[in-house]
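Results of the structural survey
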Amino acid sequence: MTDPQVALMMLGLFIVFVFLGFPIAFTLMAMGIGFGYFAYFDSSRMWRAFDRLDETASTWDSWSTWIEGFLNNRIFDLFVNQTFTVMSNEVLTAVPLFLFMGYIVERSNIVDRLFTTLNIASKNLPGSMGVAALITCALFATATGIVGAVVTLMGLLALPAMLKARYEPSFAAGIICAGGTLGILIPPSIMLIVYAAATNVSIVRLYAAALLPGLTLVGLYLIYIVGRSILQPSSAPRPTKDEVPDMPMLKLLWLIVTSFVPLAFLIFAVLGSILFGLATPTEAASIGALGGILLAFLYRAMTWQRLRESVYLTIRTTAMVCWLFVGSYTFSAVFSYLGGEQVIGDFVAGLDLTPIQFLIIAQLIIFLLGWPLEWSEIIIIFVPIFLPLLDVFGIDPLFFGILVALNLQTSFLTPPMAMSAYYLKGIAPPELRLTQIFKGVMPFLLCVIISMVLMYAFPQIVFTLPDMFYGR
Amino acid sequence: QAPLVVKMQTSWNDANIWQEFARDYATRVEEMSGGRMKIDVLPAGAVVGAFQVLDAVNDGLIDAAHSVPVYWYGKNKAASLFGTGPVFGGSATTMLSWFYAGGGQELYDELTQEIMGLDVVGRLGFPMFAQPFGWFKGEVNTVADLQGLKYRTVGLAADLMSKMGMSVAQLPGGEIVPAMERGVIDAFEFNNPSSDKDFGAQDVAKNYYLSSYHQASESFEFLFSRTFLEDLDPDFQAILKYGVEAASTANTAKAMDRYSADLQWLQNDAGVTIHRTSKEILDAELKAWDELIPELETDPFMKKTLDSQRAWVERVSYYELMNSPDYGLAYDHYFPGKVKL
Amino acid sequence: MEIYGDIMISFIRFADGLSAWFGKAFAWLIIVMAVGTGYEVFVRYVLNSPTAWALDVSFIMYGALFMMGGAYTLSRGGHVRGDFLYRLLQPRTQAKIDFVLYLIFFFPGVTALIFAGWKYAARSWRYGEVSAASPAGVPIYQFKAVIVAAGLLLFVQGIAQLMRCIIAMRTNEWIEASEDVFETEDLLMREANKAEKDHLS
Ligand code: NA
Ligand code: NA
């Protein structure tokens, strides 16, 4: 077996082992070390001390020296070295800070305020509650980088309200699931930081690039919500005065000012300073975290308990993401040492695909991977394998990253690992069945696909902002 | 018989012209060995990061590395003296000659093998041209213009620039442009017109300042795992060592050709303004070195090394400078008005 | 036989407690990191005199935080799994798979972190290595020692995980770590489930 063949076997076995359900960080670590042991196997070097023992050496000495030789493989040093590389990765330093900001803002009652306000403000629109719910989700997405909390918070808040207003249950569920997933696409997305760290694409360019596609997707969602509410009014009846009270203009304005302006200011401070190159993402994230704490204080939502929760959750989620990197850095160093990248590249180059064919196949693979796997695994492990191929087909990794981010929206919405749907099911009234949720999600999946086609047809949507802010 | 494969990782990206320089070495080694030895040249990050090649060679993760000593000055500051130390008046050629004929190699071996206890053998090659003061978004004419800038450089130059009022970050070449875009740094230097162009310096800054004392002499460091090297047959050992000297000439010729052509391209096609660094800033650099040298000399090994360098430069550069005709005069005679120094 | 079960449970509680103690202690670095970086923002953009050390400090805080949180996360089942088949299995079967994989996947790597990490950190310690990211001379040899510490914590937690597997093989039930914080979604889902149960009973 040649080295590149061994590398392919390594990749194949890894995919099989993933299905055993063991924590993936450690599966990667094991595969890297196991195959690395083979890659770096060099008997003369490893057992040099044993070979140089003279005849007078005792049995014990020769045995222990032999065993030392067995452990004297360089893969262990490579593993430690790669671990340190992850520990000193400057791009990833923004991860814990943005997570912390998200956890704080989640606990600051901001979602309730936003939804209540928007609900009143939009009540004359068709599908007003759905619109309010979606916009709340989108705004919240600019303050958090992960998914989960938004779906459950909105599930507790907006879902009962919509059901009470006799919204079609699957429609209401679809809005919340799709809206709640926006947080990983719209900056400050943790997923984009991870993509940047995994591919060396500039994170600020990615953030700038994700903004318009994020808004496009929100726009498509809104078109669908409003359109359906017009065409099929029974699925989204107008709320009664009971459900959404009238409010004098001044009072409404005041509500908007108190619920919307502080958050908008925080978002602007964070994203604005990144986009205008005023501060590094890590610096902006620290401002976001400190600003989030201040906001929570202003809303009288900051308690010792909530701060502690945010702190502890931050370390756990950071550890989850970064230990994946520890595993994958070693895995991919060994993979490339064995020549695996080369052989995949040669294979794909030999297929004679056009760039568009390649792009569709790659996105299809990522879409399928999104069924059993989560975004973190896909980005950290599989995207680097596609990366060298992008060069072959002349595809900008920045563009590819945005397509992947859009694509992975679906991984939260499609079974069997539809986390958004499960979160919602977990807190929804028992009458709401999982099949109803999936049914409601389908049209939003279609929106995601349309948005990907739009990106491909009009790449300016991706490139305009990064080119404007950073030139080239 | 399959050739012996030497895994050599560099500290450069594939796009950097220096990757080509490393391959020039590989070609020479392969031809001199009649194809019995082959060097697999890997870019930064293939096995370990750009700044981690010393650890990696020491541990045998790679057999050899192509880098510069300043990249590991965090482990021992004296490393910089073999890369870009104080400028006493000698050029890179003067200092590379110190390494081979003035006692530099012995001091280098003492530092790496005895003081630091590393399992490496190092050789220097390719006397680099003095490194530009670098890339700035706006013009910098005075020391006051530099205050508060976040500037990328490496090694002792980092200490030097801190003394001049800048705040310094040290990053590998491949991370400079992303760091400019992220706002981690406001200005930077890397090395030469070609490498700078290769990573896209002209996209993030338009003012390029040539001439500086911060890194006026430097050479590549060829690192070999000592265990690996000493296990080889004597002819292979000799080819790997003397290959460095061969590559040195090849690199110099290529650098003259490409660096100068790329400087023209930057000026004519990329809209970059080429400046000479002002006398005020150059003076400030020498004064900053004056402050820095006594601090370095509190370390006995650094004192010994600096004494050796000073003695070498005092004698050798006296000869070089006294002997050298005014090339500028001749240039101006044939190409009048082109350069204003 | 029972006595071994009790000993194992005590050890599991001990390991969970140890991992949580270190994890939570290092978790507070996030505040140091936010405030430290916030300070840098102030002096850099308002006073135009950036610190030399902000970059070093931020990656040291981040690196120590996630490394030392590894065992805590493991004890709370927080490391992501490709579990869409796995979670359909009986706990007993899950435990058998996990038991084998902890032995052949988990321990070799974690042991390497300890021993090879020791070699790596000791060398750095010997020459008093400072960060090469800035000329501020911020020491990083102690930071490299975090690799060893994180390895040790994971090793202890790994033994506890093996014991969890043994118990689950016998009882067909996983022993969960005592928990004090939840993701918002988990917390809300638990509350919803509890309310439902209360409602039914
Ligand atoms: Na977001
Ligand atoms: Na330089």
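Our subject is the structure that appears above.
Small disclaimer: the values here were computed from a predicted structure and weren't measured. (Residues numbered from 1 in each chain as written. Chains lettered and ligands numbered in written order. Predicted model: local features only at pLDDT ≥ 70, side-chain atom pairs only at ≥ 80, totals over all residues. Heavy atoms only, no water.)

Quick word on the coordination of the sodium ion (ligand 2)
Residues and elements named next belong to chain B. At this site the sodium ion (ligand 2) is bound by Gln 131 (OE1), Glu 189 (OE), Glu 189 (OE), Phe 190 (O) and Gln 215 (OE1), with donor distances of 2.1 to 2.6 Å. Sequence spacing of the donor residues for the sodium ion (ligand 2), all on one chain, is Q-x57-E-F-x24-Q. With Gln 131 in the loop between strand S4 (120-127) and strand S5 (134-136) and Glu 189 in the loop between strand S8 (187-188) and helix H8 (193-198), the pair connects residues that are 58 residues apart, well separated along the chain. By the burial criterion, Gln 131 is buried, and Glu 189 matches it. (Donors = N, O, S within 2.8 Å, 3.2 Å for Na, K, Ca; no water. Helix = DSSP H or I, 4+ residues; strand = E, 2+ residues; numbered from the N terminus. Buried < 20%, exposed > 50% of the residue type's maximum accessible area, 1.4 Å probe, protein only.)

So, the interface of chain C and chain A
Contact with chain C, which involves 74 residues of that partner, is made by 79 residues of chain A. Taking both partners together, chain C and chain A bury about 6400 Å²; carbon and sulfur atoms supply 75% of that area. A per-residue breakdown of the area chain C buries against chain A is headed by Tyr 62, Val 80 and Phe 105 of chain C, which together make up 12% of the total. Seen at the junction of chain C and chain A, the total is one salt bridge. With a closest N to O distance of 3.0 Å, Asp 77 of chain A and Lys 119 of chain C form a salt bridge. Scanning the region where chain C abuts chain A turns up seven residue pairs in polar contact (both at pLDDT 80 or more). Secondary-structure elements contributing two or more residues to the side of chain C that touches chain A are helix H1 (2-27), helix H2 (29-46), helix H3 (54-68), helix H4 (70-75), helix H5 (91-126), helix H6 (141-171) and helix H7 (184-200) of chain C. The leading source of residues in the side of chain C that touches chain A is H5 of chain C, at 15 residues. (Contact = heavy atoms within 4.5 Å. Buried area = accessible area lost by both parts, 1.4 Å probe. Salt bridge = Lys/Arg side-chain N within 4 Å of Asp/Glu carboxyl O. Polar contact = N/O pair within 3.5 Å; in protein donor to acceptor, adjacent residues only side chain to side chain.)

A closer look at the pairing of strand S2 (residues 37-42) of chain B
Residues and elements named next belong to chain B. Direction of pairing for strand S1 (residues 4-10) relative to S2: parallel, over a ladder of six bridges. Each residue of the ladder has a partner; that of Leu 4, found in S2, is Met 37. Since S1 and S2 lie parallel, the crossover through helix H1 (residues 17-32) that links them has a hand, and here it is right-handed. (Pairing = 2+ DSSP bridges. Right-handed = clockwise from strand over helix to strand, strands pointing away.)

What about the interface of chain B and chain A?
With 20 residues of chain B at the contact, the number on the chain A side is 25 residues. In total, chain B and chain A occlude about 2000 Å² of area from one another, counting both sides; carbon and sulfur atoms represent 45% of this. Taken as a group, Leu 61, Glu 181 and Arg 182 of chain B account for 36% of the area that chain B buries against chain A, more than any other trio of residues on that side. At the junction of chain B and chain A, the tally comes to one salt bridge. For the pair chain B and chain A, the number of links is seven residue pairs in polar contact (both at pLDDT 80 or more). Every element with two or more residues in the side of chain B that touches chain A is listed here: helix H2 (53-58) and helix H7 (176-182) of chain B. If you tally residues by element for the side of chain B that touches chain A, the top one is H7 of chain B, at three residues.

As for H1 of chain B
Residues and elements named next belong to chain B. Helix length check: H1, at 16 residues, gives a terminal C-alpha distance of 23 Å against a target of 22 Å (1.5 Å per residue), a fit within 8%. Along H1, the residues that are buried comprise Ile 17, Trp 18, Gln 19, Phe 21, Ala 22, Asp 24, Tyr 25, Ala 26 and Val 29. Looking at where H1 begins, the residue whose side-chain oxygen comes 2.9 Å from the main-chain nitrogen of Trp 18 is Asn 16. (Expected span 1.5 Å × (residues − 1).)

Some details on the packing of aromatic side chains
All names here are of chain C. Here the structure, examined in full by the defined rule, presents 61 aromatic pairs over all chains. Pairing Phe 107 with Phe 155 gives two aromatic rings, centres 5.1 Å apart and planes at 75 degrees, and the pair type is edge-to-face. Residue Phe 107 is located in helix H5, and its partner Phe 155 is located in helix H6; the two are separated by 48 residues in the primary sequence. Accessibility expressed as a relative area gives 10% for Phe 107, which makes it buried. (Phe/Tyr/Trp six-rings, centres within 6.5 Å; stacked < 30°, edge-to-face > 60°.)

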